[in-house]
Amino acid sequence: MSVVQNLENFDPFADEGDPLAGTADVGSQANHLHIRIQQRNGRKTLTTLQGLPKEYDPKKLLKAFKKEFACNGNVVDDLEMGEVIQLQGDQRNKILNFLVDNGMDKSSIKVHGF
């Protein structure tokens, strides 16, 4: 009767330790503002803005976006992401330019999408 050896739990990297233990902010996206686009149905798209710093009011920002870009939108409360601003259409570049023109640092904004 032989015992199958590969059924035991074995971690080949257990003795290596954590290579990123000293750098807690490596890969951290918490301090970035994310602008994403999502496909709805057909040719319709949805632009989302998440990771807004606490000093900005999302409702006032949404009102300014809607007036400036002539589109509709709303603020959605998400458990993981916090408050997310959603706008109709592809507004990624317009949002980026609006935020940079109003004093936000461009290096803290990430634009995602196809």
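Further up the page is the structure itself.
Residues numbered from 1 in each chain as written. Predicted model: local features only at pLDDT ≥ 70, side-chain atom pairs only at ≥ 80, totals over all residues. Heavy atoms only, no water.

Relative to strand β5 (residues 109–111), strand β1 (residues 33–39) runs parallel, the two being bridged by 3 bridges. Across the sheet, the residue bridging to L33 is I109, located in β5. Here 6 bridges tie β1 to strand β2 (residues 45–50), and the two strands are oriented antiparallel to one another. By the bridge assignment, Q38 is partnered in β2 with L46. (Pairing = 2+ DSSP bridges. Helix = DSSP H or I, 4+ residues; strand = E, 2+ residues; numbered from the N terminus.)

Moving on, we get to the layout of surface pockets. In this structure, the largest pocket occupies an estimated 200 Å³ of space. Every residue along the wall of the largest pocket is listed here: G51, L52, P53, K54, Y56, P58, M81, G82 and E83. A per-class count over the lining of the largest pocket returns 5 nonpolar, 2 polar and 2 charged. (1 Å grid on protein atoms, 1.4 Å probe; cavity = no way out; pocket = protein on both sides within 12 Å on 5 of 7 lines; lining within 4 Å. Points joined across faces, edges and corners; volume = space filled by probe spheres on them. Nonpolar A, V, L, I, M, F, W, Y, C, P; charged D, E, K, R; others polar.)

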